[in-house]
Amino acid sequence: MTFRHTRTLMSTERPASRGSVTAETAAMLPALMVVLAAALWAIQAVGVQLECVDAARAAVRAAARGEPLDQVRTFARAATSPDAQVDITRDPKLTKVQITVEVRPSWGESLPAVRVSATATADTER
């Protein structure tokens, strides 16, 4: 009795899908980077929003106490961004501070800016 060595086709043939994972990853990687960059930009915008809220609250307290409005604007810009737009309205009953900042990612200066703003209101002290 003789045994024949039979070669299986599986050992010599390569699967048809070989290399497709690499090609799919290479095609998907730029899209993944764009999504990651957008997520980081959104996180930056949320951080600036929180800074604006804190600065507006502190500025409205100072303005309602009777601090000079130029000092309040300087304080608000120091707490957020030097190019922040600070609008202060003070009348005998209410004091209102609105801070607006444009957020642009550092890696995409040509991209349009996202405008972030916060408003705070307090009773004017007499």
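Structure: above.
Parameters and conventions
Residues numbered from 1 in each chain as written. Predicted model: local features only at pLDDT ≥ 70, side-chain atom pairs only at ≥ 80, totals over all residues. Heavy atoms only, no water. Core = buried A, V, L, I, M, F, W, Y, C linked by side-chain atoms within 4.5 Å. Buried < 20%, exposed > 50% of the residue type's maximum accessible area, 1.4 Å probe, protein only. Helix = DSSP H or I, 4+ residues; strand = E, 2+ residues; numbered from the N terminus. Contact = heavy atoms within 4.5 Å. Polar contact = N/O pair within 3.5 Å; in protein donor to acceptor, adjacent residues only side chain to side chain. Salt bridge = Lys/Arg side-chain N within 4 Å of Asp/Glu carboxyl O.

Asks: Any details on the nonpolar core? Residues and values, ideally.
Replies: Of all hydrophobic cores here, the largest spans 24 residues; its most connected members are Val97 and Ile99. Those elements that provide at least two residues to this core are helix H2 (20-65), helix H3 (69-79), strand E1 (85-90), strand E2 (94-103) and strand E3 (114-123). In terms of residues, this core owes the most to one element, H2, which gives eleven residues. Sequence-distant contacts of isoleucine 99, defined by excluding residues within four places in its chain, comprise Cys52, Ala55, Ala56, Ala76, Thr80, Ala84, Gln85, Val86, Val116, Ser117 and Ala118.

Asks: Pulling in residues and values, what's your account of the side chain of serine 81?
Replies: Relative to the helices and strands, serine 81 is located in the loop between H3 and E1. A relative accessible area of 15% places serine 81 in the buried class. Here aspartate 83 takes part through its side chain, which lies 2.3 Å from a polar atom of the side chain of serine 81.

Asks: Requested: an account of the pattern of salt bridges, with residues and values cited.
Replies: Applying the stated criterion to the full structure yields two salt bridges. The partner of aspartate 70 in a salt bridge is arginine 73, with the nearest N and O atoms 3.7 Å apart. Taken together, the residues aspartate 70 and arginine 73, both in helix H3 and three residues apart, mark about one turn of the helix. For arginine 115, the salt bridge is made with glutamate 102, and the minimal N-O distance between the two is 2.8 Å. Residue arginine 115 is found in strand E3, and its partner glutamate 102 is found in strand E2; the two are separated by 13 residues along the sequence.

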